[in-house]
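# Inside the fold
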Amino acid sequence: MSACPRTFEVEALRDGRLGGSERAGFERHLSTCSACARELAALERLGAALCDSHPTSTDELEVRRARTRLLVAFNQSLIGRAGEAEDPLSAVGSRVSRRALGALAAGVAVAAGALWFGARADEKPALPASAVTVRADAGARWTRQISERRELILLDEGRLWIQVRRTGSGNEPPLLVGLPDGELEDLGTTFTVSAESGRTTLVAVEEGSVLLRLRGQAPRTIGARGSWAAPPEEPAPREQPFEPSASAPSAPVPAVKPPAPAVMTAPRPVGSGELPAPGGASERFKAAMQALNRGDGRDAAARFSRFLEQYPRDPRAEDAAYLRVLAHQRSGDSSELQRAARYYLRAYPAGFRRREVAALLPSVP
Amino acid sequence: MIRRGVQPQLPASDAELMQRLAAGDIGALGELYDRHQHAVRRFLSRATADAEDVDDLVHGAFLTAVKSAGRYDGRESARPWLIGVAVQLLRRRRRSLGRWLEILGSLKSLRPNSADPRAALPERGELERALSRLSEAKRLTILLAEVEGWSCQELASFFEVPIGTVWTRLHAARRELRKALEPGELP
Ligand SMILES: [Zn+2]
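Residues numbered from 1 in each chain as written. Chains lettered and ligands numbered in written order. Predicted model: local features only at pLDDT ≥ 70, side-chain atom pairs only at ≥ 80, totals over all residues. Heavy atoms only, no water.

## Observations regarding the overall build of chain B
Within chain B, the secondary structure is distributed over nine helices and one strand. Secondary structure elements of chain B, listed N to C terminal, follow the sequence β-α-α-α-α-α-α-α-α-α. For chain B, with 187 residues in total, the buried portion stands at 50%. Partitioning the contacts of chain B with sequence separation of at least 6, the portion at a separation of at least 24 is 63%. Counting every atom, chain B has about 8800 Å² of accessible surface; 53% of that belongs to carbon and sulfur. (Helix = DSSP H or I, 4+ residues; strand = E, 2+ residues; numbered from the N terminus. Buried < 20%, exposed > 50% of the residue type's maximum accessible area, 1.4 Å probe, protein only. Contact = heavy atoms within 4.5 Å. Areas by Shrake-Rupley, 256 points an atom, 1.4 Å probe, with all protein chains shown as cover.)

## A closer look at the overall build of chain A
Helices and strands together make up the secondary structure of chain A, namely 11 helices and 10 strands. Within chain A, the fraction of its 365 residues that count as buried is 53%. A sequence separation of at least 24 residues applies to 57% of the contacts in chain A between residues at least 6 apart. As displayed, chain A has an accessible area near 15800 Å², and 54% of this comes from carbon and sulfur atoms.

## Some remarks on the coordination of the zinc ion
Residues and elements named next belong to chain A. For the zinc ion, the full set of protein donor atoms is Cys 4 (SG), His 29 (NE2), Cys 33 (SG) and Cys 36 (SG), at a range of 2.0 to 2.4 Å. Because the angles between the four donor atoms bound to the zinc ion fall within 105 to 115°, the donor set is best described as tetrahedral. In primary sequence terms, the donor set of the zinc ion follows C-x24-H-x3-C-x2-C. Residue Cys 4 is located in the segment before α1 (8–14), and its partner His 29 is located in helix α2 (residues 20–30); the two are separated by 25 residues in the primary sequence. Taking the relative accessible area as the measure of exposure, His 29 reaches 18% and is therefore buried. (Donors = N, O, S within 2.8 Å, 3.2 Å for Na, K, Ca; no water. Tetrahedral: all angles 85-135°; square planar, octahedral: opposite > 155°, others 65-115°.)

## So, the nonpolar core
It is characteristic of soluble globular proteins that their nonpolar side chains tend to be buried jointly. If you look at the biggest cluster of nonpolar residues, it comprises 65 residues, and the most contacted ones within it are B:Leu21 and B:Leu177. Element by element, the count of residues in this core is highest for helix α2 (residues 26–48) of chain B, at nine residues. Residues A:Phe307, A:Ala320, A:Tyr322 and A:Val357 belong to the second largest nonpolar core, which totals 31 residues. (Core = buried A, V, L, I, M, F, W, Y, C linked by side-chain atoms within 4.5 Å.)

## A closer look at the pattern of salt bridges
Counted according to the given criterion, the structure contains 28 salt bridges over all chains. Note that B:Arg20 is salt-bridged to B:Glu31, the shortest N-O span being 3.5 Å. One end of the pair, B:Arg20, is in helix α1 (residues 14–22); the other, B:Glu31, is in helix α2, with 11 residues separating them in the sequence. A relative accessible area of 25% means that B:Arg20 is categorised as partly exposed. The partner of B:Glu146 in a salt bridge is B:Arg174, with the nearest N and O atoms 3.1 Å apart. Pair noted here: B:Glu146 is in helix α7 (residues 136–146) and B:Arg174 is in helix α9 (residues 163–181), with a separation of 28 residues, a long-range link. Overall, B:Glu146 belongs to the buried group, its relative accessible area being 12%. Judged by its relative accessible area of 2%, B:Arg174 is buried. Among the ionic contacts, a cluster of salt bridges with common partners joins A:Arg67, A:Glu183, A:Glu185, A:Arg213, B:Asp14, B:Arg20, B:Asp25, B:Glu31, B:Asp34 and B:Arg35. (Salt bridge = Lys/Arg side-chain N within 4 Å of Asp/Glu carboxyl O.)

## Focus: the pairing of strand β3 (residues 151–164) of chain A
All names here are of chain A. Across the 14 residues of β3, 14 count as buried, placing the element largely inside the fold. As paired elements, strand β1 (residues 132–136) and β3 share five bridges and run antiparallel to each other. Across the sheet, the residue bridging to Ala 136 is Leu 160, located in β3. Relative to β3, strand β2 (residues 141–146) runs antiparallel, the two being bridged by six bridges. Counterpart to Arg 144 in the pairing with β3 is Ile 153. Looking at chain direction, β3 and strand β6 (residues 190–196) are connected through six bridges and run antiparallel. (Pairing = 2+ DSSP bridges.)

## Concerning the packing of helix α6 (residues 126–133) of chain B against α9(B)
Residues and elements named next belong to chain B. For the pair α6 and α9, interaxial distance at closest approach is 9 Å and the crossing angle is 140°. Handedness of the α6/α9 crossing: right-handed. Across the interface between the two elements, Glu 126, Leu 127, Ala 130, Leu 131 and Arg 133 of α6 pack against Leu 177, Ala 180 and Leu 181 of α9. Looking at side-chain class alone, the contact of α6 with α9 contains six nonpolar, no polar and two charged residues. (Axes fitted to C-alpha atoms, helices over the stretch in contact; angles between N-to-C directions. Left-handed = near helix turned anticlockwise from the far one by under 90°. Nonpolar A, V, L, I, M, F, W, Y, C, P; charged D, E, K, R; others polar.)

## Some remarks on the packing of α1(B) against α2(B)
All names here are of chain B. Taken N-terminus to C-terminus, the directions of α1 and α2 make an angle of 140°; their axes are 8 Å apart at the nearest point. With respect to each other, α1 and α2 are oriented oblique. Judged by the twist between their axes, the crossing of α1 over α2 is left-handed. Taking contact as the criterion, the partners of Asp 14, Leu 17, Met 18, Arg 20 and Leu 21 in α1 are, on α2, Gly 27, Ala 28, Leu 29, Glu 31, Leu 32, Arg 35 and His 36. A class-by-class count of the residues in the contact of α1 with α2 yields six nonpolar, two polar and four charged. (Parallel < 35°, antiparallel > 145°, perpendicular 65-115°, else oblique.)

## Thoughts on the pairing of β1(A)
Judged by how many residues are buried, β1(A) sits mostly within the fold: five of five residues are covered. Burial of β1(A) is two-sided: the residues A:Val132, A:Val134 and A:Ala136 facing one way and the residues A:Thr133 and A:Arg135 facing the other way are all buried.

## Considering helix α8 (residues 297–310) of chain A
Residue and element names in this part refer to chain A. With 14 residues, α8 ought to run about 20 Å at 1.5 Å a step, and its terminal C-alpha atoms sit 20 Å apart, in line with that. All of the buried residues along α8 are Gly 297, Asp 299, Ala 300, Ala 301, Phe 304, Ser 305, Phe 307 and Leu 308. Buried residues in α8 make contact with α7 (281–293), α9 (317–331) and α10 (334–347). (Expected span 1.5 Å × (residues − 1).)

## Comments concerning the confidence of the model for chain B
Residue and element names in this part refer to chain B. Scored by pLDDT, chain B has a mean of 78; 74% of the residues are at 70 or more. When mean pLDDT is compared element by element in chain B, α7 scores highest at 94, while helix α5 (residues 97–108) scores lowest at 43. Scored below 50 in pLDDT, residues 97–123 shows 46 contacts in the model against residues more than four places distant or in partner chains. (pLDDT = per-residue confidence, 0-100.)

## Observations regarding the confidence of the model for chain A
All names here are of chain A. Within chain A, residue pLDDT values average 69, and 64% of them lie at 70 or more. Below a pLDDT of 50 lies the segment residues 81–128, which in the model reaches 96 contacts outside its immediate sequence neighbourhood of four places, other chains included. Confidence drops under a pLDDT of 50 for residues 234–278, and excluding neighbours within four residues, the segment shows 79 contacts in the predicted structure.

## Comments concerning the packing of aromatic side chains
Any two aromatic rings considered together are summarised by their centre-to-centre distance and by the angle between their planes. Throughout the structure, instances matching the rule amount to eight aromatic pairs over all chains. Between B:Trp150 and B:Phe158, the ring centres sit 5.1 Å apart and the planes meet at 80°, which makes this aromatic pair edge-to-face. Neither B:Trp150 nor B:Phe158 differs from the other in exposure class; each is buried. Each residue in the set A:Phe285, A:Phe304, A:Phe307 and A:Tyr311 is aromatic and connected to the rest through ring pairs, giving one cluster. One residue, A:Arg135, lies across the ring of A:Trp161, its end atom 4.4 Å from the ring centre. (Phe/Tyr/Trp six-rings, centres within 6.5 Å; stacked < 30°, edge-to-face > 60°. Lys NZ or Arg CZ within 6 Å of the ring centre and 35° of its normal.)

Structure below.
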């Protein structure tokens, strides 16, 4: 290897230490000196290696948790009482309850019985100014904070039904829903939002509109009766062709309705923590659950069908559609089972139990 | 899948996000985090040479950024600015470790209760090991210059040292790194 007394100037060139004429002179030398060219290449290799090296394996889920932690801390700093405030994430931890996903069908039916009835205790009383009603699935991990400046709901996992009733006084703080991979800004509305395994899976708007911002995607507004569903991470199960409802004797109303006035089938409760109207949807859902739990699949299926007909937009409708599949499975009626399963997949293409339900159908050639 | 009633909107620029952040817009913080957390995290994990408190430093860097968002200079990418905040945080932590341990301790209390699911660090390559053996001043200088593209002049004013010190640090850092990577090949 031939040495060159000017090799030290290579680094000077790279760090911008050589001015006008010095620089031009050394660049001329560089084009003819192999030792200096080698040195330049070595420095460039080192720089490239430093840029390319990926020392950390960042766990995507952990990054999303850190994101939630940051938003909580930011919100607390705005509220200005970070010291006294309840630790929001320890509250999230304590809310972790039975999780139905991944369980065997029979086990799921028992856990699903806790849906909604178990969710009540999760709700925190809101300040009087809040115009927001929240209902959560039993397994949902979420937290809620309210200040004069904003109301913040952080959803880590599970499903929330959220209703915002603005009085127009302008006194209610704006609502922001923090999601594992983005935010959802309420623009005065009623909507459902689901998150699963660190990502948002579904936003369905009943009334009003929301602004959805997801990481790496352009923000989008979702208007009344619009919905957004995350594309499946794995290839989605092949859906059965849509069958006209005439072929189904007890065809319930599809969840995604054609444009129609947003009329509620049952009056919504106002204010946080209120139970659904007694004697209505809740009683019927409970009765259907009881039928399922005592092993009367046929009766349970009929009751869930009626529930779906009467309360198609109830937050429990998806559960009812799923439980009806289980009820038919229990009663051993395979053609009804398949019909109910196809209904579930059609009405809830991003539903929580999509994979389980799809597995019950014979594969499509 | 996008259905009826969904309209995409154009994403905001970093400068717009910083403005909204200064006004207390939490959504802006989320967007800023999504854009730059990876770069900040990666920088910090190498700059600290140990991954133990990287999460807290990333967290602290973005929270500190919030506090100074009103003084953002309006440049197009907020990345150099965020990295600068992160480095300041890192150095302050070293200078008065006690006070910062206290602050970081309080940040830690916001962690979820669950066990830390972060996977153990992968085996570091030779380059990363060599990097971790550098003094902090040299490590920060070479990373900011070679990875973040800061000029020697920028480094000098950032660290408040003469530019000659920056050159010396860069030269020493390269020498040590190359000794580890290409033994016997130095001139
Ligand atoms: Zn030469």
